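So you can see what is in the structure, the chains are spelled out below.
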Amino acid sequence: MFEYAPAPESRSVVEIRSSYGLFINGEFVDPGDGGTFKSINPASEEVLAEIAEAGPADVDRAVRAARTAYEQVWGPMPGRDRAKYLYRIARIIQERSRELAVLESLDNGKPIKESRDVDLPLVAAHFFYYAGWADKLPYAGFGQRPTSGHSGADPRPLGMAAQVIPWNFPLLMLAWKIAPALAAGNTVVLKPAETTPLTALLFAEICQQADLPPGVVNIVTGAGETGRALVEHDGVDKVAFTGSTEVGRAIARAVAGTRKKLTLELGGKAANIVFDDAPVDQAVEGIVNGIFFNQGHVCCAGSRLLIQESVYEPVLASLKRRMAQLRVGDPLDKNTDIGAINSAAQLDRIRELSEVGAAEGAERWSPECTLPERGFWFAPTIFTGVTQAHRIAREEIFGPVLSVLTFRTPAEAVEKANNTPYGLSAGIWTEKGSRILWMADRLRAGVVWANTFNKFDPTSPFGGYKESGYGREGGRHGLEAYLNV
Amino acid sequence: MSERVAVRKTYKLFIGGKFPRSESGRSYLVEQTNVALASRKDARDAVVAARAAVKGWSGATAYNRGQILYRVAEMLEGRRDQFTALGVPADEVDAAIDRWVWYAGWSDKLAQVYGGANPVAGPYFNLSAPEPTGVVAVVAPADSALLGLVSVVAPAIVSGNTVVVLAAEERPLAAITLAEVLATSDLPGGVVNLLTGRAAEVAPWLASHADVNALDLTGVTDADLAKSLEEAAAGTLKRVLRPPAGPVDWTADPGTGRMTALLETKTVWHPKGS
Amino acid sequence: MTATTTSDRSDLSELGRSEATLRAFLHGLPGVDQVGAEQRAAQLGTRSIKTTAKAWAIDLAIRMVDLTTLEGADTPGKVRALSAKALRPDPADPSCPHVGAVCVYPSMVPYAAEVLRGSTVHLASVATAFPSGQAPLAVKTADTRAAVAAGADEIDMVISRGAFLAGRYKEVFDEIVEVKAACDGAAAGLPGSPRAHLKVILETGELATYDNVRRASWLAMLAGADFIKTSTGKVPVAATPPVTLVMLEAVRDFRDTTGRQVGVKPAGGIRTTKDAIKYLVMVNETVGPDWLDPDWFRFGASTLLNDLLMQRTKLTTGTYSGPDYFTLD
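What counts and what doesn't
- Residues numbered from 1 in each chain as written.
- Chains lettered and ligands numbered in written order.
- Predicted model: local features only at pLDDT ≥ 70, side-chain atom pairs only at ≥ 80, totals over all residues.
- Heavy atoms only, no water.
- UniProt positions renumbered as here; feature names shortened; annotations may be inferred.
- Contact = heavy atoms within 4.5 Å.
- Buried area = accessible area lost by both parts, 1.4 Å probe.
- Salt bridge = Lys/Arg side-chain N within 4 Å of Asp/Glu carboxyl O.
- Polar contact = N/O pair within 3.5 Å; in protein donor to acceptor, adjacent residues only side chain to side chain.
- Helix = DSSP H or I, 4+ residues; strand = E, 2+ residues; numbered from the N terminus.
- Nonpolar A, V, L, I, M, F, W, Y, C, P; charged D, E, K, R; others polar.
- Pairing = 2+ DSSP bridges.
- Axes fitted to C-alpha atoms, helices over the stretch in contact; angles between N-to-C directions.
- Parallel < 35°, antiparallel > 145°, perpendicular 65-115°, else oblique.
- Left-handed = near helix turned anticlockwise from the far one by under 90°.
- Buried < 20%, exposed > 50% of the residue type's maximum accessible area, 1.4 Å probe, protein only.
- Right-handed = clockwise from strand over helix to strand, strands pointing away.
- 1 Å grid on protein atoms, 1.4 Å probe; cavity = no way out; pocket = protein on both sides within 12 Å on 5 of 7 lines; lining within 4 Å.
- Points joined across faces, edges and corners; volume = space filled by probe spheres on them.

- The name that an unreviewed UniProt entry assigns to chain C is Deoxyribose-phosphate aldolase, with the source organism given as Micromonospora echinofusca.
- The record in UniProt for chain C states the following under Sequence similarities (unreviewed entry): "Belongs to the DeoC/FbaB aldolase family. DeoC type 2 subfamily."
- Recorded under Catalytic activity (unreviewed entry), the UniProt text for chain C is reproduced unchanged: "2-deoxy-D-ribose 5-phosphate = D-glyceraldehyde 3-phosphate + acetaldehyde".

- As annotated in an unreviewed UniProt entry, chain B carries the name Aldehyde dehydrogenase family protein and is attributed to Micromonospora echinofusca.

## A short note on the interface of chain B and chain A
- Across the contact, 40 residues belong to chain B and 48 residues belong to chain A.
- Across the chain B to chain A interface the summed buried area is about 3300 Å²; carbon plus sulfur atoms make up 49%.
- Area buried by chain B at its contact with chain A is led by B:Leu237, B:Arg242 and B:Trp269, which between them contribute 21% of it.
- Here chain B is connected to chain A by two salt bridges.
- We note a salt bridge from A:Arg472 to B:Glu264, for which the minimum N-O separation is 3.4 Å.
- At the junction of chain B with chain A, the criterion picks out 27 residue pairs in polar contact (both at pLDDT 80 or more).
- Counting only elements with at least two residues in the side of chain B that touches chain A, the list comes to helix H5 (110–114), strand S4 (124–132), helix H9 (223–233) and strand S10 (263–271) of chain B.
- Ranked by residue count, the leading element in the side of chain B that touches chain A is S10(B), at eight residues.
- Tallied by class, the residues present in the side of chain B that touches chain A amount to 16 nonpolar, 14 polar and 10 charged.
- Bridge count for strand S17 (residues 447–450) of chain A against S10(B) is three bridges, and the pairing is parallel.

## Some points on the packing of helix H11 (residues 241–258) of chain C against helix H12 (residues 273–286) of chain C
Residue and element names in this part refer to chain C.
- Contact geometry for H11 and H12: axes closest at 10 Å, N-to-C directions at 30°. The angle between H11 and H12 falls in the class roughly parallel. Crossing handedness for the pair H11 and H12: right-handed. Residues Pro241, Thr244, Leu245, Leu248, Glu249 and Arg252 of H11 pack against Tyr279, Met282, Val283 and Thr286 of H12.

## Things to note about the sheet that holds strand S3 (residues 122–126) of chain C
All names here are of chain C.
- Pairing within the open sheet is parallel, and its eight strands lie in the order S7-S6-S5-S4-S3-S2-S1-S8. Each edge of the open sheet carries a strand with a single partner, namely strand S7 (263–265) and strand S8 (299–301). Neighbour to neighbour, the strand axes of the sheet diverge by 25° on average, direction disregarded.
- Where helix H8 (residues 169–182) meets the sheet, it contacts strand S4 (154–158) and strand S5 (197–201), and its direction lies at approximately 150° from that of S5.
- The sheet strands contacting H11 are strand S6 (227–229) and S7, and the helix crosses S7 at an angle near 170°.

## Details of the pattern of salt bridges
- Overall, the coordinates contain 68 salt bridges over all chains when judged by the stated rule.
- We note a salt bridge from A:Arg408 to A:Glu412, for which the minimum N-O separation is 3.0 Å.
- Among the ionic pairs, A:Lys416 bridges to A:Glu412, the shortest N-O distance being 3.3 Å. Here A:Glu412 and A:Lys416 lie together in helix H12 (residues 410–418), a separation of four residues that amounts to about one turn.
- Beyond isolated ion pairs, a larger network of salt bridges with shared partners links C:Asp66, C:Glu154, C:Asp156, C:Lys199, C:Lys229, C:Lys265 and C:Arg298.

## Some details on the interface of chain B and chain C
- With six residues of chain B at the interface, the matching set in chain C holds five residues.
- Together, B:Tyr124, B:Pro271 and B:Ser274 form the three largest contributors to the area buried by chain B at its contact with chain C, with a combined 71%.
- Along the contact surface separating chain B from chain C lie zero salt bridges.
- Along the contact surface separating chain B from chain C lie two residue pairs in polar contact (both at pLDDT 80 or more).
- Partitioned by chemical class, the residues of the side of chain B that touches chain C number three nonpolar, two polar and one charged.

## Some words on the pairing of strand S1 (residues 65–68) of chain C
Residue and element names in this part refer to chain C.
- What you see with S1 is no split at all: Val65 and Leu67 on one side and Asp66 and Thr68 on the other are buried throughout.
- By the bridge criterion, three bridges tie S1 to S8 in an arrangement that is parallel. Looking at the pairing, Asp66 lines up with Gly300 of S8.
- Both S1 and strand S2 (residues 101–104) contribute to a ladder of three bridges, which runs parallel. Bridging across to S2, Leu67 finds its partner in Val102.
- For the crossover that starts at S1, traverses helix H4 (residues 76–87) and ends in the parallel S2, the hand is right-handed.

## Points about the layout of surface pockets
- The computed volume of the second largest pocket comes to approximately 1500 Å³.
- Around the second largest pocket sit 48 residues that line it, and A:Asp441, A:Arg442, A:Arg444, B:Ser58 and B:Glu131 are the ones nearest its centre.
- With seven residues, the single largest contributor to the lining of the second largest pocket is S4(B).
- Looking at the lining of the second largest pocket residue by residue, the classes come out as 21 nonpolar, 11 polar and 16 charged.

Below you can see the structure in the form of structure tokens.
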């Protein structure tokens, strides 16, 4: 047997402070009421740092700092110069990418292989991409402003953006929010998730290192209450949220009746559809990548596998064989494929829904794997014999759990794929080009991956239909969320 | 010889290409005319008709949709007198006709202007294209009975959405007459469904209806109602067009915002390999 | 749901009967998406193999080397020296294993055989008008018989890429069948000698697509190949990780289907320990431990061996070694 010896990435590249304040107006400050919470390493339950918890007064302070920076510095600044700051940030991220990747894996639990090879390159690329837009906004193709009536009006920033991001891709979601906002001329107050604040705080240091004017980027840490205070603040012109559909609904209600522009990137229950003429080895890779990438903590995860009945057995057999190769364990080991579940709460939810799946009669299977004793872990799992009526086929599990269903015809596949309130992504595996295009036309999802899955790029718009949210992030489309167009 | 007795028109709802009375049997009086007073069940039926029309209308070619919208302009041109007789100013009728023509031309250009290739950093074909969001519920503006109505309906349907539009409560006659134009314009039944009645009564049912994808509140002037409708829409995360912040000049260039607000962007990836 | 399972064994022996059945079968194999296959190969290449795992892998890789010289300038002296090195790659360290085989031209087989006789190092010879394969079948089989008669116990044949690309699958199939028959030592006039193992070189660099690599792999296996091998080393594109991945998937699926295990030999372009270990990782995670054995996986290489030896020394001594400390043969 070829046993891979441990190959741990060194922790020493990153220095974690014992406590972090709020990043407001260019400096780290203590919260008004002194509340704190702890961020832990989900792979070991070790406390990584104490984090300030922002109360309403802190949020107000941050919003005011952002407003002032918008009015006095960032709004008036030529796009050419905003671009240079963003390019500078992109460069620093590249220079410090190993440090950021290790910190991300420590705080989030994702394998270093992913934070190093996926998250960090995409973060830097995102800042590079939007940096280039900062001085080209009139060319972004938004045409005339609807109420202006005269042509050639430059699109204007909205002002001050409140941004709330999730824990699954902490730094990447920060990049998706901050880069287009700043490029368009807005200033931001961003709240990272309470379980993964550390890379956002290191990003704050990068803003300092880049000499970004104070107040352009503010980071307030905290949990749901902090987020609520932020999105409900009267001084906010724009709210951008990525997270659960449940919270998205609450935010949509909270901004009702205001002039705040809102974009939401929410949950999903994507169908990954495998036809009998699929390139089967690549399809199996796509299935695995679709649901086990980032422990399945992915809103666009291919969590419903639809296999054409004529190839059900061989595809399932290949999938199981492939799953047996997945290495679950220490996120910092360079050979780890599946890291730790981000939090005890998330682990509970995954366990609960998995138990529901078994109780509802679906057949559960996981490859043999030994899970570490400390920390939050869940073995890669598939459920077969699942029907559309099962809860595990309808609800977002947000973990390494795949529901396997079957279909007979392309029309049935489309019908099943669309039979969900979500509409974020979908996958199609077939060698037949016309079928791909036929399917892609009919799938109600914002991103359709054909013969691939879970691919992301700063130039490519991302976002959902229906209850998966509205607005797009990435590409020219992503600017729209931050411009008065 | 006695003077000829005129035949009066019954103003009914327009649902699924037919002109039914309100299922409630109710009507209300506008300018000495009885107008159907739509109920929540009429709204429900209108959503069913609109949903049923989505597949055919969104699946029609853009060229076909453009021709049909242009046909609406042709039909409207031929019925100018009906609208002026209802008190719609002649220049508003002109503008309404021109607006149909303007939007008709957008049908096969939207995807080119708002979609396109994305140069991703990898061996992938990557294309974004706009698609209709589905069923759109609209509260039409009251300040412009014909042009305002056309200005909210045409941008919604040109891309393939279907609509349930609630005509301005106090100015429904031009709206119903427009429905008669639509009914003779090759527009498939159910693409536009028009209700007359009270926004405060009907709009909440549309705002909370789980089979409605977007909500256009342009005609809602009561801020509290607008807020509660937006809150209801949040239940299924509908796309919401809020009421305008101030008076709207309906004769001005409308821009593309009303169309794009009711579009989804779909991005398709495929590897490039031999 | 279909009732087929992968444990069912299928009898595919009739497929070679006609051009039509062969074509239908080969064209019915699942496609290979180029981008996906290359990404999977690249991902496997990011495995980090350190310390004990690396030491184990290096020794295995040494045992899998088909130490090769295929030059017009080859002489008996060069081949004897190479063969000596095959037996004792690192004279300074008796714990160092010997390589899997020596691989030479047919005319050089006798000189290698002199040195290797009595050892467990195999003696491979390229044959069948290597490297182009552009010769009449009778010449190819004669070439093969000569090599076997001279002592080769492994024959590395080339397929007719021209015939394959022209869609004449039956012709390629029949040639392999004929050459396989010629590998029979008894038939070559060596009564009692074992049948030489047949490695079929697909020359994947000329097949151009992974779909072709998959089809050619199956074609060779259906015709009786004991091993499928990527390349002659004589065209610009030799073994690559994704090509090897596709071939590994083919041998895996072939065994699932027929019950017969076939070996894989990437050849050409594999020069460093790092590369070799990537291939071993690929074997491990694609077909599993059954193939992690010199009987089922080989590297066709020449310079690779010295790098493996240097890395081996680095692991045992803790200091970096240099090329002057290993023989150039």
